[in-house]
Amino acid sequence: MTPYGYPSARITIGDWQNTHVAFIERHGTKHSIPPHKVPYKANLAALKSLGVRHVIATCVVGSLREDLKPGTFVVPSQFIDTTWGRDDTFSVDKRLIHLPMSEPYCKTCSQAAVKAIRNVLVSVRSDVTVLVIQGPRFSTIAEGKMYAQWGGDVINMTQYPECYFARELGLCYTAIGSITDYNPGVSDGPSMSTMGTPDFENVLVVFRQNTDKTILALRQMMLNRHTFVGCCCAETSTRHHYED
Ligand SMILES: [Zn+2]
């Protein structure tokens with residue numbers, strides 16, 4: 001229990017590749033918590049209280065561009081937030097926090113993630129923009145076209161406010177996204193819009209393959225953790241707090 005409620009799941013703590021690791025499932029152990037109900041604040045606060053310094057978030061994303069094919073991994077450098085009604089700051093009366101968000105993701109850690117993904121022979125695109133929608137519904141074809149025009153490369157429901165909470169807490173945050181499908185209307189390839197039809201099996205196949213590859217990439221990151229543990233995310237965050 002945190003001052004912000006219970007995290008979405010019990011946090012598993014252990015050693016992996018000689019590194020202390022804490023693992024939490026943001027949608028709960030049974031994947032029952034929808035994106036707009038995930039207790040992002042409690043999750044990040046709980047990780048912080050355990051002494052976590054680097055958050056490496058894995059997520060599933062849909063492609064807004066034909067050249068970003070399902071099975072490709074992405075490491076975002078920017079997000080566009082279109083969510084609404086989510087509790088998205090630790091700011092309270094008399095303790096106002098203004099933080100820069102021009103570079104929401106840790107560059108040092110992102111480079112390490114890209115290297116790790118390449119090391120396991122998986123196609124990866126860096127510096128992508130993730131468009132965050134409210135969910136839980138998927139977007140329409142028209143919305144997808146608009147998001148691509150806005151500059152979105154991939155679409156997701158959970159990167160905001162998770163990414164921002166890490167910044168407010170002085171935690172380093174990096175995301176590894178795996179493309180499972182095309183957003184409706186982008187291509188004839190696998191799409192979530194086929195859910196309930198035999199074609200949806202193609203999405204599930206990509207999803208399972210991506211999960212296995214994600215674990216391999218994370219293991220590579222842990223093996224080369226010396227390349228990112230010295231990043232200055234905590235320092236950057238705390239330097240920009242302004243209080244009344
Ligand atoms: Zn960092």
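Scroll up for the structure.
Not measured: the values here are computed from a predicted model.

A. Focus on the overall build of the protein. Of the regular secondary structure elements, the protein holds 6 helices and 7 strands. Secondary structure elements of the protein, listed N to C terminal, follow the sequence β-β-α-β-β-α-β-α-β-α-β-α-α. The C-alpha atoms of the protein give 18 Å as radius of gyration, which agrees with the globular expectation for 244 residues (18 Å, within 12%). Burial status across the protein gives 50% buried among its 244 residues. Intrachain contacts of the protein at a sequence separation of at least 6 include 80% that bridge at least 24 residues.

B. Structural detail: the coordination of the zinc ion. Coordination of the zinc ion by the protein comes from C106 (SG), C172 (SG), C231 (SG) and C233 (SG), over a distance range of 2.2 to 2.4 Å. In this structure, the zinc ion is surrounded by 4 donor atoms whose angles at the metal cover 100 to 120°, and the resulting shape is tetrahedral. Going along the chain, you hit the donors of the zinc ion in the pattern C-x65-C-x58-C-x1-C. Highlighted residues: C106 in the loop between strand 4 (73–81) and helix 2 (107–119) and C233 in helix 6 (residues 233–239), separated in sequence by 127 residues. Both residues of the pair, C106 and C233, count as buried.

C. Spatial organisation of helix 1 (residues 40–49). Of all 10 residues making up helix 1, 8 are buried, and the element is well covered by its neighbours. Every buried residue of helix 1 is listed here: Y40, K41, A42, N43, L44, A45, A46 and L47. Where helix 1 is buried, its residues touch strand 2 (19–23), strand 3 (54–63) and helix 4 (159–168). With its phi angle positive at about 95°, G51 sits one or two positions after the end of helix 1.

D. Main features of the environment of A57. Mapping A57 onto the fold places it in strand 3. For the pair A57 and G177, spaced 120 residues apart in sequence, the C-alpha to C-alpha distance is 8.2 Å.

Definitions and limits used
Residues numbered from 1 in each chain as written. Predicted model: local features only at pLDDT ≥ 70, side-chain atom pairs only at ≥ 80, totals over all residues. Heavy atoms only, no water. Helix = DSSP H or I, 4+ residues; strand = E, 2+ residues; numbered from the N terminus. Rg over C-alpha atoms; globule rule 2.2 N^0.38 Å. Buried < 20%, exposed > 50% of the residue type's maximum accessible area, 1.4 Å probe, protein only. Contact = heavy atoms within 4.5 Å. Donors = N, O, S within 2.8 Å, 3.2 Å for Na, K, Ca; no water. Tetrahedral: all angles 85-135°; square planar, octahedral: opposite > 155°, others 65-115°.

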